[in-house]
Amino acid sequence: MRLTAHICEYKMDQVILDIGLDANVFHKQTWEKMGRPTLQWSLIQLRMENQHNIIPMGRLHGVTIDIEGASALDNFELI
């Protein structure tokens, strides 16, 4: 499913929603386009499908998300 989303003041088109994930992730380039908002320390490690571990650069905490008119707060791991 591809949607349009607003995360903070940043609009994203063609967002892929995967509700089966244990964590929400941002790519570093997206974070930079958002103006590099402050990150918090992240204590988790992510394991990719190929079993490769990734340690996030940090976490965006308490981000307001608006997807097709529905709003929520969530956290995102920066990879």
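For the structure itself, consult the block above.
Residue positions are given per chain, counting from 1 as you read along its sequence in written order. Restriction of local features to residues with pLDDT of at least 70 applies here, the model being predicted, together with a cutoff of 80 or more for giving and counting side-chain atom pairs; totals for whole chains, interfaces and linings are based on all residues. Side-chain numbers here rest on the full set of heavy atoms in the structure, without hydrogens or water.

Draft legend 1. Main features of the overall build of the protein. Only DSSP runs of H or I covering at least 4 residues are called helices, and only runs of E covering at least 2 are called strands; the numbering of each starts at the N terminus. Of regular secondary structure, the protein possesses 1 helix and 7 strands. Listed N to C, the secondary structure of the protein is β-β-β-α-β-β-β-β in terms of helices and strands. Residue burial is assigned from relative accessible area. The probe radius is 1.4 Å, only protein chains are included, and a residue is buried under 20% of its type maximum, exposed over 50%, and partly exposed in between. Counting only residues that meet the buried cut, the protein has 22% of its 79 residues in that class. Pairs at least 24 residues apart make up 35% of the contacts formed inside the protein by residues separated by at least 6 positions. Here the open area of atoms and residues is found with the Shrake-Rupley method and a 1.4 Å probe, where only the protein chains shown may cover a residue. By element, 51% of the accessible surface of the protein is carried by carbon and sulfur atoms, the whole surface being about 6,000 Å². Any two residues having at least one pair of non-hydrogen atoms within 4.5 Å are treated as being in contact.

Draft legend 2. Local environment of the side chain of Ser-42. Within the element layout of this structure, Ser-42 appears in the loop between α1 (28–33) and β4 (46–47). Ser-42 gets classed as buried once you look at its relative accessible area, which sits at 7%. Here the side chain of Ser-42 touches Glu-77 through a polar contact of 2.5 Å, side chain to side chain. Ignoring any residue separated from it by four or fewer positions in sequence, one finds Ser-42 in contact with Pro-56, Gly-58, Arg-59 and Glu-77. Two N or O atoms count as a polar contact when they lie within 3.5 Å, although within protein this holds only if one can serve as hydrogen donor and the other as acceptor, and sequence-adjacent residues are included solely when both atoms are side-chain atoms.

Draft legend 3. Region of the structure containing the pairing of strand β6 (residues 58–67). Paired strands, in this sense, are two strands between which DSSP finds at least two bridges. Alignment of β6 against strand β7 (residues 70–78), held across 8 bridges, turns out to be antiparallel. Within the sheet, the bridge partner assigned to Asp-66 lies in β7 and is Ser-71. Counted between consecutive antiparallel strands, the loop separating β6 from β7 contains 2 residues, among which Glu-68 sits at a positive phi close to 50°.

Draft legend 4. Broad picture of the nonpolar core. Buried Ala, Val, Leu, Ile, Met, Phe, Trp, Tyr and Cys residues that are joined via side-chain atoms within 4.5 Å together make up what is termed a nonpolar core. Ile-7, Met-12, Phe-26, Trp-31, Met-34, Leu-60, Val-63, Ile-65, Phe-76 and Leu-78 form the largest nonpolar core, which has 10 residues in total. Listing elements by their share of this core, those giving two or more residues are β6 and β7. Take this core: its biggest share by element is 3 residues, from β6. Setting aside residues up to four positions removed in sequence, Met-34 forms contacts with Ile-7, Tyr-10 and Phe-26.

Draft legend 5. Region of interest: unusual backbone geometry. With phi around 55°, Arg-36 is a residue other than glycine that occupies positive phi space. Looking at where Arg-36 falls in the secondary structure, it is placed in the loop between α1 and β4. For Gln-51, which is not a glycine, the phi torsion comes out positive at approximately 75°.

Draft legend 6. Spatial organisation of the environment of Ile-16. Positionally, Ile-16 belongs in strand β2 (residues 10–16). With relative accessibility at 58%, the residue Ile-16 sits in the exposed group. A C-alpha to C-alpha distance of 9.0 Å links Ile-16 and Thr-4, two positions 12 residues apart in sequence.

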